[in-house]
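The residues making up each chain are set out below.
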Amino acid sequence: MAKKKKKAAKKKAAKKAAKKKGAKKKAPKKAKKTKKAKTQAKAKPKKAKKKRKPNPAFMRPLTPSPELAEVVGRAPLPRAGVVQKLWAYIRKNGLQDQTNRRMINADDKLKAVFKGKSQVSMFEMNKLVAAHLT
């Protein structure tokens, strides 16, 4: 008979453990702000956003080399202006590769700028053009 009592006690303990799993915890409450903290938060003025100014180094006119001048012209231009004129020349003459649009096929004028390469990537193009600006 002692065995029957032990089995009954085990069953009750298992039921209690199942109930504990479903218990939920409450989220901790946030601390309330004091009067000083509220007045300090209101007293801080908001910083006015300043309009971004372009870096003068990028806007400085650079003189293109004679090879690059055949494509973009002889007048001194900022770097951004040189790249714009170069892309206009590439689009006008259809020099962008049709299958891989990141590649530029060089014609005779651009081969001189691209150090004799027949095809360069658009990222490499900017590096090669930088050598022709002074």
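Check the entry above for the structure.
Scoring rules and cut-offs
- Residues numbered from 1 in each chain as written.
- Predicted model: local features only at pLDDT ≥ 70, side-chain atom pairs only at ≥ 80, totals over all residues.
- Heavy atoms only, no water.
- Core = buried A, V, L, I, M, F, W, Y, C linked by side-chain atoms within 4.5 Å.
- Buried < 20%, exposed > 50% of the residue type's maximum accessible area, 1.4 Å probe, protein only.
- Helix = DSSP H or I, 4+ residues; strand = E, 2+ residues; numbered from the N terminus.
- Contact = heavy atoms within 4.5 Å.
- Salt bridge = Lys/Arg side-chain N within 4 Å of Asp/Glu carboxyl O.
- Expected span 1.5 Å × (residues − 1).
- Axes fitted to C-alpha atoms, helices over the stretch in contact; angles between N-to-C directions.
- Parallel < 35°, antiparallel > 145°, perpendicular 65-115°, else oblique.
- Left-handed = near helix turned anticlockwise from the far one by under 90°.
- Nonpolar A, V, L, I, M, F, W, Y, C, P; charged D, E, K, R; others polar.
- Arc of directions from axis to C-beta.

1. Concerning the nonpolar core
Counting 21 residues, the largest nonpolar core has Leu68, Leu86, Ile90, Leu110, Phe114, Met125 and Val129 as its most contacted members. Within the residue set of this core, elements represented by two or more residues are helix 4 (66–72), helix 5 (79–92), helix 6 (108–113) and helix 7 (122–130). Ignoring anything within four residues of it in the chain, the contact list for Leu110 reads Val71, Leu86, Tyr89, Ile90, Leu95 and Ile104.

2. Re unusual backbone geometry
For Lys115, which is not glycine, the phi dihedral falls at a positive 60 degrees. Here Lys115 shows up in the loop between helix 6 and strand 2 (119–121). The exposure class of Lys115 is exposed, given its relative accessible area of 63%.

3. What about the pattern of salt bridges?
Inspection of the entire model under this criterion finds one salt bridge. In this structure, Glu124 engages Lys117 in a salt bridge whose closest nitrogen and oxygen atoms are separated by 2.4 Å. Note on Lys117: relative accessible area 35%, which makes it partly exposed.

4. Overview of helix 5
When the terminal C-alpha atoms of helix 5 are compared, their 20 Å separation across 14 residues agrees well with the 20 Å that a helix rising 1.5 Å per residue should span. The complete set of buried residues in helix 5 reads Gly81, Val82, Leu86, Trp87, Tyr89 and Ile90. Looking at the buried residues of helix 5, the elements they touch are helix 4, strand 1 (103–105), helix 6 and helix 7. Downstream of helix 5 by one or two residues, Gly94 has phi in the positive range, about 60 degrees.

5. A short note on the packing of helix 5 against helix 7
Where helix 5 meets helix 7, the closest approach of the two axes is 11 Å, and the angle between their N-to-C directions is 125 degrees. By the angle class used here, helix 5 and helix 7 are oblique. Every pair of crossing elements has a handedness; the one defined by helix 5 and helix 7 is right-handed. On helix 7, the residues that touch Arg79, Val82, Val83, Leu86, Trp87 and Ile90 of helix 5 are Met122, Met125, Asn126, Val129 and Ala130. A breakdown of the residues in the contact of helix 5 with helix 7 according to their chemical character gives nine nonpolar, one polar and one charged.

6. Concerning helix 7
What helix 7 keeps buried is the set Met125, Leu128 and Val129. Down the axis, helix 7 shows its buried residues gathered within 100 degrees of arc, on one side only. Turned more than 90 degrees from where helix 7 packs its buried face, Phe123 and Lys127 sit exposed. Structurally, helix 7 contributes buried residues whose contacts are with helix 4, helix 5, strand 1, helix 6 and strand 2.

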